[in-house]
Amino acid sequence: MFSVLLYWEYWSLSRGARAERLRSKELLWAWEYVDELVRSEPFEAVSLMRALAVAAPGSEALAFLGAGPLEVLLRLDDRGVQEGLRRAIEECAALGEAANSSW
């Protein structure tokens, strides 16, 4: 079962020393889950982006989110997804900070 905390644990381990990076492979599925959801179910991914932003362990994590899956959503040519993102960004300061890291 997916957990935002496991997503951020994967992120944290993948940036660490060699032993931590090797351990991060066990949690790669959490990153893959988010990537697949963004691409296949973008409407559902909007609420997940908000949850990930709120649980992010700091500004670097928010930048990772903004330059990764959030950026993919922001580039979609789908008015419904864009409106959902706009509302979520207005309501969630952390998601707004993450969005600032998107191109």
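Everything numeric in this text was worked out from a predicted model, so none of it was measured.

A.B. asks: Got a minute to help me understand helix α4 (residues 42-55) in this structure?
C.D. replies: Residues separated by three or four positions in an α-helix point in the same direction, a consequence of the helix having 3.6 residues per turn. Over its 14 residues, α4 extends 20 Å from the first C-alpha to the last, a length consistent with the 20 Å expected when each residue adds 1.5 Å. Among the residues of α4, P42, A45, V46, L48, M49, L52 and A53 are the ones counted as buried. On its buried side, α4 packs onto α1 (4-14), α3 (28-40), α5 (59-67), α6 (69-74), α7 (79-91) and α8 (93-99).

A.B. asks: Sorry if this is basic, but what is going on with the side chain of S24 here?
C.D. replies: For S24, the location among the structural elements is in helix α2 (residues 18-24). If we ignore the near neighbours within four places in the chain, the residues touching S24 are Y10, L13 and S14.

A.B. asks: What should I look at first to understand the nonpolar core in this one?
C.D. replies: One recurring pattern in soluble globular proteins: nonpolar side chains tend to sit buried together. F2, W8, V34, L48, M49, L52 and L73 are the most contacted members of the largest nonpolar core, which totals 28 residues. Counting residues per element, the ones that place at least two in this core are α1, α3, α4, α5, α6, α7 and α8. Top element by residues in this core is α4. It accounts for six residues. Residues in contact with M49, not counting those within four places in the same chain, are V34, V38, L65, P69, L70, L73 and L95.

A.B. asks: Can you help me understand the packing of aromatic side chains in this one?
C.D. replies: Each aromatic ring pair is specified by the distance between its two centres and by the angle formed by the two planes. A full pass over the atoms with the stated rule returns six aromatic pairs. Judged by centre distance (4.6 Å) and plane angle (20 degrees), the ring pair of F2 and Y33 falls under stacked. Of this pair, F2 sits in the segment before α1 while Y33 is found in helix α3, placing the two residues 31 residues apart along the sequence. Ring geometry for Y7 against W8: centres 5.0 Å apart, planes inclined by 85 degrees, an arrangement best described as edge-to-face. Residue Y7 shares its accessibility class with W8, and that shared class is buried. Through a chain of ring-to-ring contacts, the aromatic side chains of Y7, W8, W11 and F64 assemble into a single cluster.

A.B. asks: How do you make sense of the pattern of salt bridges when you look at a structure like this?
C.D. replies: Taken as a whole and judged by the stated rule, the model has seven salt bridges. Across the salt bridge formed by R75 and E71, the nearest N and O atoms sit 3.0 Å from each other. Judged by its relative accessible area of 58%, R75 is exposed. Among the salt bridges present, the one from E83 reaches R86, with a minimum N-O distance of 2.3 Å.

A.B. asks: Help me understand the environment of A98, please; the structure alone is not making it clear to me.
C.D. replies: Residue placement: A98 occurs in helix α8. Judged by its relative accessible area of 0%, A98 is buried. Excluding anything up to four places from it in sequence, A98 contacts L62, L65, G66 and L70.

Reading the values: rules and limits
- Each chain carries its own residue numbering, running from 1 in the written order of its sequence.
- Per-residue local features of the predicted model are confined to residues with pLDDT of at least 70, and side-chain atom pairs are confined, for both listing and counting, to 80 or more; whole-chain, interface and lining totals are unaffected and use all residues.
- No hydrogens and no water enter the side-chain calculation; it runs on all heavy atoms of the structure.
- Only DSSP runs of H or I with at least four residues qualify as helices, and only runs of E with at least two residues qualify as strands; both kinds are numbered from the N terminus onward.
- By this rule, a helix spans an expected 1.5 Å times one less than how many residues it contains.
- Between buried and exposed lies partly exposed: a residue is buried under 20% and exposed over 50% of the maximum accessible area for its type, with that area taken using a 1.4 Å probe on protein chains only.
- Note on definitions: a residue-residue contact is assigned when non-hydrogen atoms from the two residues lie within 4.5 Å.
- Definition of nonpolar core: a set of buried residues of the types Ala, Val, Leu, Ile, Met, Phe, Trp, Tyr and Cys, connected through side-chain atoms within 4.5 Å.
- Here a Phe, Tyr or Trp ring, Trp counted by its six-membered ring, pairs with any other such ring whose centre lies within 6.5 Å, and the pair is stacked when the planes are under 30 degrees apart, edge-to-face when over 60, and tilted otherwise.
- We define a salt bridge as a contact between a side-chain nitrogen of Lys or Arg and a carboxyl oxygen of Asp or Glu at a distance within 4 Å.

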